[in-house]
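# Geometric and topological summary
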Amino acid sequence: MQLLFLGTLALFVGVTVAVPAQEKRVHHKPDLSDHVHDDAHGYQYDHEAFLGKEEAKTFDQLSPEESKDRLGKIVDRIDTDKDGFISHAELHHWIKHRQRKYIEENVDKHWKEYDQNKDGKIGWIEYKNTTYGYYMDAEFDDVDDKETYKAMLTRDERRFKSADRDGDGVATREEFTAFLHPEEFDHMRDIVIQETIEDIDKNGDGKINLQEYIGDMFTPEDGENEPDWVTTEKKHFSEFRDMNKDGFLDANEVSHWILPGEVDHADNEARHLIHETDKNNDGHLSISEIMDKTDFIKVSTITDYGTLAEDHDEL
């Protein structure tokens, strides 16, 4: 499991469109995965936890020398008491900070795109016209997969209405944050669960079977052997996810899977990172323990983030 932290270290660093991007704003799993961390499968979760989603993109593209220099600056920021070690509390605080910062920056970015009249609010019509306006009159007739875009429009409207708590058709910044990041808001739980089931349920029966559950994470190539983590996930499905043992995940079981209220994923991730990197098992990460991993940070490019400019404010 030593290589696992390689990707994790990178995680420290933390307009009107003609056709809306077919992105899923809610992931099936939390940002910090509750999966078993496997060297062949789990780099992304650690990578983003350490650096933050956006900063991880830049870090992947640095030379070994630049990576080491950047990492040193980040470690210094995490070590708030300046004792030369990173404790669990400091690491946990940093990961939570990176999560909050990502959400704030993501909302800022979209706010500027969608608040067309600059009144400090975003109405549903404003959002719809900005995102889908070019195709609305033609009923998406010029789009190859128009049924997909119609479904996206319906899904966005349903989520917007759930986020718009006062029902006035206009989103405040808080409501727009709930629209973009519903997993962060208790009153959006049902939407998160519904969208997750819709994404994974391929046969349309309103439930998730084992084949759909695994198929959402892994599709084997011809002749490819099943990785160990897939076997582990199958076991998790039958032993833990499927609580009533009927062979399916219903809405209640999906809720326990993706939104386990009592689980602090940042805490789990901090513990995992220390476990994987703490060579002398003293419960803290020394600078040398962290720097020993910098030669392998480029392994995390398997997460394929793309490009982004450096976050100068953070460093």
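How each quantity is defined
Residues numbered from 1 in each chain as written. Predicted model: local features only at pLDDT ≥ 70, side-chain atom pairs only at ≥ 80, totals over all residues. Heavy atoms only, no water. Helix = DSSP H or I, 4+ residues; strand = E, 2+ residues; numbered from the N terminus. Buried < 20%, exposed > 50% of the residue type's maximum accessible area, 1.4 Å probe, protein only. Core = buried A, V, L, I, M, F, W, Y, C linked by side-chain atoms within 4.5 Å. Contact = heavy atoms within 4.5 Å. Phe/Tyr/Trp six-rings, centres within 6.5 Å; stacked < 30°, edge-to-face > 60°. Salt bridge = Lys/Arg side-chain N within 4 Å of Asp/Glu carboxyl O. UniProt positions renumbered as here; feature names shortened; annotations may be inferred. Axes fitted to C-alpha atoms, helices over the stretch in contact; angles between N-to-C directions. Parallel < 35°, antiparallel > 145°, perpendicular 65-115°, else oblique. Left-handed = near helix turned anticlockwise from the far one by under 90°. Nonpolar A, V, L, I, M, F, W, Y, C, P; charged D, E, K, R; others polar. pLDDT = per-residue confidence, 0-100. Expected span 1.5 Å × (residues − 1).

Further remarks concern the overall build of the protein. Counting its secondary structure elements, the protein contains 14 helices and six strands. For the protein, with 315 residues in total, the buried portion stands at 47%.

On to the nonpolar core. What tends to happen in soluble globular proteins is that the nonpolar side chains get buried as a cluster. Counting 21 residues, the largest nonpolar core has I122, Y127, F176 and F179 as the members making the most contacts within it. The contacts of F176, once residues within four sequence positions are left out, are V107, H110, W111, Y114, I122, Y127 and A171.

Here we come to the packing of aromatic side chains. In the structure shown here, the tally under the stated rule is eleven aromatic pairs. With 5.7 Å between their ring centres and 75 degrees between their planes, W111 and F176 make a pair best called edge-to-face. Pair noted here: W111 is in helix α5 (residues 88-114) and F176 is in helix α8 (residues 173-180), with a separation of 65 residues, a long-range link. Accessibility expressed as a relative area gives 0% for F176, which makes it buried.

Now for unusual backbone geometry. Positive phi is not limited to glycine here, since K245 has a value of about 60 degrees. Within the secondary structure layout, K245 lies in the loop between α11 (228-241) and β5 (248-249). In this structure K245 comes out as partly exposed when scored by relative accessible area, which is 49%.

We now examine the pattern of salt bridges. Taken as a whole and assessed by the stated rule, the structure comprises eleven salt bridges. Residue D69 is joined to K73 by a salt bridge in which the shortest nitrogen-to-oxygen separation is 3.6 Å. Of the two residues, D69 and K73 are both situated in helix α4 (residues 64-78); the distance of four residues between them amounts to about one turn of the helix. A relative accessible area of 45% means that D69 is categorised as partly exposed. Across the pair E226 and K234 runs a salt bridge whose closest N-O atoms are separated by 2.7 Å. Residues joined in a network through salt bridges with shared partners are R155, R159, E195 and D199.

UniProt records the feature "domain: EF-hand" (unreviewed entry) for residues 66-101, 102-137, 151-186, 188-223 and 265-300 in the present numbering. In residues 151-186, the share of helix is 58% and the share of strand is 6%. The end C-alpha atoms are 24 Å apart. In residues 188-223, helix accounts for 50% and strand for 6%; the two terminal C-alpha atoms are 41 Å from one another.

Packing of helix α7 (residues 146-163) against α8 leaves a shortest axis separation of 8 Å and a crossing angle of 140 degrees. With respect to α8, the axis of α7 lies oblique. Where α7 crosses over α8, the two elements pack in a sense that is right-handed. In this structure, α7 uses D156, R159, F160 and A163 to contact α8, whose residues at the interface are E175, A178, F179 and L180. Among the residues forming the contact of α7 with α8, the class breakdown is five nonpolar, no polar and three charged.

With 70% of its residues at a pLDDT of at least 70, the protein reaches an overall mean of 76. A low-confidence stretch, residues 1-43 stays under pLDDT 50, and its non-local contacts, those more than four residues away or across chains, total 163 contacts. Taken together, the stretch residues 295-315 has pLDDT below 50 and engages in 61 contacts with residues farther than four places along the chain or on a different chain.

In this section: helix α9 (residues 189-200). Taking 1.5 Å per residue, twelve residues should reach 16 Å; α9 reaches 17 Å between its end C-alpha atoms and fits that length. The set of residues buried in α9 consists of I191, V192, I193, E195, T196, I197, D199 and I200. Those residues of α9 that are buried are in contact with α7, β4 (208-209), α10 (210-215) and α12 (251-258).

Okay, the environment of D216 next. Within the secondary structure, D216 is located in the loop between α10 and α11. We classify D216 as partly exposed; its relative accessible area is 25%. Note: C-alpha distance between D216 and I200 (16 residues apart in sequence) is 6.1 Å.

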